[in-house]
Amino acid sequence: MVELKEIDFLYVEEGQVRVKIPQFEKVTSRAPVFFNPVMELNRDLSVVALTMYQHLKDDDMVICDAFGGSGIRGIRYAKEIEGVSLAVVNDLNPLAVELANENILENGLTNVKACREDANLILRKCKGKFDVVDIDPFGTPAPYVESAAASLKAGGLVCVTATDTSALCGTYRKPCIRKYGAKPLRNEYCHETGLRILAGFLSRTFSKYKKCLDFQFSHSTEHYMRLYALVGKGAKKTDESLENIGYIAYCPKCLNRQVFKGMAPRISMDCPECGEVWNVSGPLWCGKIQNAEFLNGMLDMVPEMEINQKNEVIKLLEKCLAESGAPPTFYDIHAICRKLKISAPPMEGVMNLIKDRGYMVTRTHFNPNGLKTDAPLSFIEDVIGSFK
Ligand SMILES: C[S@@+](CC[C@H](N)C(=O)[O-])C[C@H]1O[C@@H](n2cnc3c(N)ncnc32)[C@H](O)[C@@H]1O
Ligand SMILES: [Zn+2]
C-alpha cells in the first residue's frame, strides 16, 4: 500500500482554499487519492447552493461530505459558508483521510473533521445529526441513497452526484433498470430523462421513510448529473409528492412525446399523431426539478462570492432559472430539421415566432439546440418550416 509520504503532490486553489492533491497525468479512480479538476464548477455550484440553503435555514448547520476524497469539498463548505458548525469529511480510503487531515490543518480550520467509514455506515450511525448530506461517489449514487434517506431529518438538504450517465441516458439500458428501477430512453432529450430518472429514484427511496423531496436545483453538465433537494416529512405530504412520478412516452418516428403521471397510468400504445408504437421511459420524476426562488437567491449571492468559475456558474443558473416553469422535455431543433429535411434556422428567430403566438418558450441548459415550449410539435414544425 502506498504511503502519503511516497507521493508527489501539487497544490490546487479553489474558492477560498488551497488544497494538496497527488500529482496526476490523467484523472482516474485508481489514483491514490481521487481529485478531478473538472469538478471545480460542481464544487463552486455546491458552495453557492449550500450558502443559499444556510440563508434559508438561518441557523448553524452540520454537513456530511460522505465521499470526501482530498477533502476539498467539505473544506470549502467549512471555510466559505457562514454558520457551518461542523463539516464531516468522510472517505473509505485511509490515504484520503490522512490527506484530508493535512488539508484541514493547512487551511487552519477547526470546524472540519475527517473520518474513515463506509458512507452507508456513517449516515446510519449519525441518523438525525446532519443538516446536509452530500453524496459524490464514483459512478452511481444508488447504493447510498437509502442511507441518506434514513439519516436526513425534515428540513435537511440532500445533494447527489451521478456520473453513470451512460446508464441514466439509456446507452446501457439494463444497468439503469438494475440500479434505478427505471427504463431509460436514448433520444435527443435523454439527459433530461436521465436526470428525472435519478430524481424519481431519490424521491421513491425517501418515500419509504415517509420523507418527500422538493427539488431546488438540478443540472446535467459534462459527464455528470447533480440534484439538490429539501427534505420534507409526513405520510400525506409524501403521498402527494409521489403524484409527480410518471412516465414519458416518445415517438421515434415523428418526435411527439406525452407525459403520463402516476405509478401505473393508462398509457395508450401508439402515438396519436402518426400511429407509431410509443417508446416509454420511467418511472421518473415529472414534476419540478428547478425552484425559481432558490435559483434567484443563488444568483443574487454569486457576484459577492470568491469563486473561480463565476461566469460559468451564472450562465448555468440563469439557464436553469429560465426553464424552471417549463414542461419536462425539450425539442432539439436539429432533430426536427432532420425530420423535415431542411437546414436549421436561427434559434432566436424560431423562439420569437413561438413567443409571438402566446406560447412559453425558453432555451435549456441540457442542449444548446434545445428549446422548451408548451407549443404543440405541429406548430413548432410550421415555424421551423417557415424559414425555408
Ligand atoms: C468521486 S470521489 C469524491 C470526490 C470529492 N467529493 C471531490 O469533490 O473532490 C469518490 C470518493 O469516494 C470514496 N469512496 C468509495 N466508496 C466509498 C464508500 N463506500 N464510503 C465512503 N467513501 C467511499 C473514494 O475513496 C473516493 O475518494
Ligand atoms: Zn408519432
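Every value quoted in this text rests on a predicted model; they were computed, and no experiment measured them. (Residues numbered from 1 in each chain as written. Chains lettered and ligands numbered in written order. Predicted model: local features only at pLDDT ≥ 70, side-chain atom pairs only at ≥ 80, totals over all residues. Heavy atoms only, no water.)

Novice: How should the nonpolar core be read in this particular structure?
Specialist: Inside soluble globular proteins, nonpolar side chains tend to come together where they are buried. If you look at the biggest cluster of nonpolar residues, it comprises 70 residues, and the most contacted ones within it are Tyr180, Phe206 and Ile354. Split by domain, this core shows at least three residues from each of two domains, domain 1 (4-322) and domain 2 (331-385). Those residues in contact with Phe206 that sit more than four places away from it in its chain are Val145, Ala148, Ala149, Leu152, Val158, Lys211, Leu213 and Val231. Of all hydrophobic cores here, the second largest spans 46 residues; its members include Tyr77, Ile104, Val112 and Leu295. (Core = buried A, V, L, I, M, F, W, Y, C linked by side-chain atoms within 4.5 Å. Buried < 20%, exposed > 50% of the residue type's maximum accessible area, 1.4 Å probe, protein only. Domains from an automatic or database assignment. Contact = heavy atoms within 4.5 Å.)

Novice: Even after reading the chapter, I still don't get the UniProt feature "binding site: S-adenosyl-L-methionine" (unreviewed entry) in the protein, so can you show me in this structure?
Specialist: According to UniProt, the "binding site: S-adenosyl-L-methionine" (unreviewed entry) feature falls on Arg43, Arg73, Asp91, Asp118 and Ala119. The subset of these annotated residues that lines the largest pocket comprises Arg43, Arg73, Asp91, Asp118 and Ala119. Inspection of the secondary structure puts Arg73 in helix H2 (residues 72-80). Ignoring sequence-local partners within four residues, the contact set of Arg73 consists of Asn42, Arg43, Ser46, Asp65, Asp134, Asp136 and Arg226. (UniProt positions renumbered as here; feature names shortened; annotations may be inferred. 1 Å grid on protein atoms, 1.4 Å probe; cavity = no way out; pocket = protein on both sides within 12 Å on 5 of 7 lines; lining within 4 Å. Helix = DSSP H or I, 4+ residues; strand = E, 2+ residues; numbered from the N terminus.)

Novice: Help me understand the site of ligand 1, please; the structure alone is not making it clear to me.
Specialist: In the vicinity of ligand 1, 19 residues are found, and the nearest of them are Arg43, Phe67, Asp91, Ala119 and Asp136. In this structure, Phe67 approaches ligand 1 through a main-chain N or O atom, which is 2.9 Å from a nitrogen atom. Contacts to ligand 1 include Ala119, whose backbone N or O atom sits 2.9 Å from a nitrogen atom. Protein burial of ligand 1: of its 610 Å² of free accessible surface, 90% is covered by the chains. In this structure, ligand 1 is accommodated by the largest pocket. Among the residues forming the shell around ligand 1, the class breakdown is nine nonpolar, four polar and six charged. (Near = heavy atom within 4 Å. Polar contact = N/O pair within 3.5 Å; in protein donor to acceptor, adjacent residues only side chain to side chain. Areas by Shrake-Rupley, 256 points an atom, 1.4 Å probe, with all protein chains shown as cover. Sits in = over half its atoms within 2 Å of the grid points. Nonpolar A, V, L, I, M, F, W, Y, C, P; charged D, E, K, R; others polar.)

Novice: Teacher, can you tell me more about the sheet that holds strand E15 (residues 367-373) here?
Specialist: Two strands in a sheet stick together by hydrogen bonds in their backbones, pointing the same way (parallel) or opposite ways (antiparallel). If you trace the three strands from one edge of the open sheet to the other, you get E13-E15-E14, paired in antiparallel fashion. At either end of the open sheet lies a strand with only one pairing partner, and these are strand E13 (331-332) and strand E14 (361-364). Both E14 and E15 contribute to a ladder of four bridges, which runs antiparallel. Bridge pairing links Thr364 to Asn367 in E15. Strands in contact with helix H13 (residues 347-356) are E14 and E15; relative to E15, the strand with the most contacts, it is inclined by about 5 degrees. (Pairing = 2+ DSSP bridges. Axes fitted to C-alpha atoms, helices over the stretch in contact; angles between N-to-C directions.)

Novice: Would you mind going over the coordination of the zinc ion (ligand 2) with me for this structure?
Specialist: When a metal carries six donors in an octahedron, the ideal angles between them are 90 or 180 degrees, while four donors in a tetrahedron ideally lie at 109.5 degrees. Cys251 (SG), Cys254 (SG), Cys271 (SG) and Cys274 (SG) make up the full set of protein donors to the zinc ion (ligand 2), lying at 2.3 to 2.4 Å. Its four donor atoms give the zinc ion (ligand 2) angles of 98 to 118 degrees at the centre, a pattern that matches the tetrahedral case. Mapped onto the sequence, the residues coordinating the zinc ion (ligand 2) show the spacing C-x2-C-x16-C-x2-C. Placement of Cys254 in the loop between strand E10 (245-250) and strand E11 (257-261) and of Cys271 in the loop between E11 and strand E12 (279-285) is noted, with a sequence separation of 17 residues between them. (Donors = N, O, S within 2.8 Å, 3.2 Å for Na, K, Ca; no water. Tetrahedral: all angles 85-135°; square planar, octahedral: opposite > 155°, others 65-115°.)

Novice: Any chance you could explain H2 here in plain terms?
Specialist: Helical periodicity: at 3.6 residues per turn, an α-helix aligns residues three or four positions apart in one direction. Across the nine residues that make up H2, a large majority, eight, are buried. Within H2 the residues assigned to the buried category are Ile72, Arg73, Gly74, Ile75, Arg76, Tyr77, Ala78 and Glu80.

Novice: Even after reading the chapter, I still don't get the environment of Ala182, so can you show me in this structure?
Specialist: By the secondary structure assignment, Ala182 is in the loop between helix H7 (173-180) and helix H8 (190-207). Judged by relative accessible area, which is 1%, Ala182 ranks as buried. On a C-alpha basis, the gap between Ala182 and Val277 in space is 19 Å, while along the polypeptide they are 95 residues apart. Non-local contacts of Ala182, meaning those with residues more than four positions away in its chain, are made with Cys176, Ile177, Ile197, Gly282 and Pro283.

Novice: Which parts of the structure should I look at to understand the sheet that holds strand E4 (residues 84-90)?
Specialist: Read across the open sheet, the seven strands follow the order E5-E4-E3-E6-E7-E9-E8; overall the sheet is mixed. Taken across any chain shown, the strands that pair with only one partner, and hence form the sheet edges, are strand E5 (112-115) and strand E8 (211-221). On average, adjacent strands in this sheet sit at an angle of 15 degrees to one another, irrespective of strand direction. In the sheet, strand E3 (residues 61-65) pairs with E4 via five bridges, with the strands oriented parallel. In the strand pairing of E4, Asp65 is matched with Val89. Sheet strands touched by H2: E3, E4, E5, strand E6 (132-135) and strand E9 (224-233). Its angle to E4, the strand with the most contacts, is close to 175 degrees.

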